[in-house]
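Residue-level structure breakdown
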Amino acid sequence: QVQLVESGGGLVQPGGSLRLSCAASRTIFSIYPMGWYRQAPGKQRELVAAFSSSSRTVYSDSVKGRFTISRDNAKNTVHLQMNSLKPEDTAVYYCNCAYLGSVYWGQGTQVTVSS
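Residues numbered from 1 in each chain as written. Predicted model: local features only at pLDDT ≥ 70, side-chain atom pairs only at ≥ 80, totals over all residues. Heavy atoms only, no water.

All right, on to the nonpolar core then. Counting 30 residues, the largest nonpolar core has Leu4, Trp36, Leu80, Met82 and Tyr93 as the members making the most contacts within it. Among the secondary structure elements, those contributing two or more residues to this core are strand E3 (18-24), strand E4 (34-39), strand E5 (46-51), strand E7 (67-72), strand E8 (77-82), strand E9 (91-99) and strand E11 (109-113). Discounting chain neighbours no more than four positions away, the residues touching Leu4 are Cys22, Ala23, Ala24, Met34, Cys95, Asn96, Cys97, Tyr104, Trp105, Gly106 and Gln107. (Core = buried A, V, L, I, M, F, W, Y, C linked by side-chain atoms within 4.5 Å. Buried < 20%, exposed > 50% of the residue type's maximum accessible area, 1.4 Å probe, protein only. Helix = DSSP H or I, 4+ residues; strand = E, 2+ residues; numbered from the N terminus. Contact = heavy atoms within 4.5 Å.)

What follows is the structure in C-alpha cells.
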C-alpha cells in the first residue's frame, strides 16, 4: 500500500507560479513511474507530467516549457513547478504512482488560475 499526499495548490493570478508537492508514505524507487494528472470540471483526467519507469520525463504538450517535474528519492517526494500559469490550467491536480502492479492516487489539490 502507498499513500500519496499532495500539497501546494491554491489561487494564483494568470502568469503566476505554484509548486505542488507529493509525499509518498514509503520509498518509491525511481524505477516506478510517478507523476501528475489533472481534472478540470466536465473534463476527463489527463496526464500533466510524469517520470516513466526508465526515469524519462513526459509532459503534456499544453504544459511543455512552463511546468517542470522533479523527484527527490531521499524524501519520497515528487514536485511540480508550474510557471506562467493560465486560466486553462485550473483543475484538481492528482499525484499518481504505479508500484508493484498497483496504481495509487492522492486525494488531489485544487489549482485555480484567475484574476
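Read on for the rest.
Let us now look at the environment of Leu20. Examined against the element boundaries, Leu20 turns out to sit in strand E3. For Leu20, a relative accessible area of 0% translates into the label buried. In the structure, Leu20 is positioned 14 residues away from Glu6 in sequence and 7.0 Å away in space, judged by C-alpha atoms.

None of this, on its own, says anything about what the molecule does.
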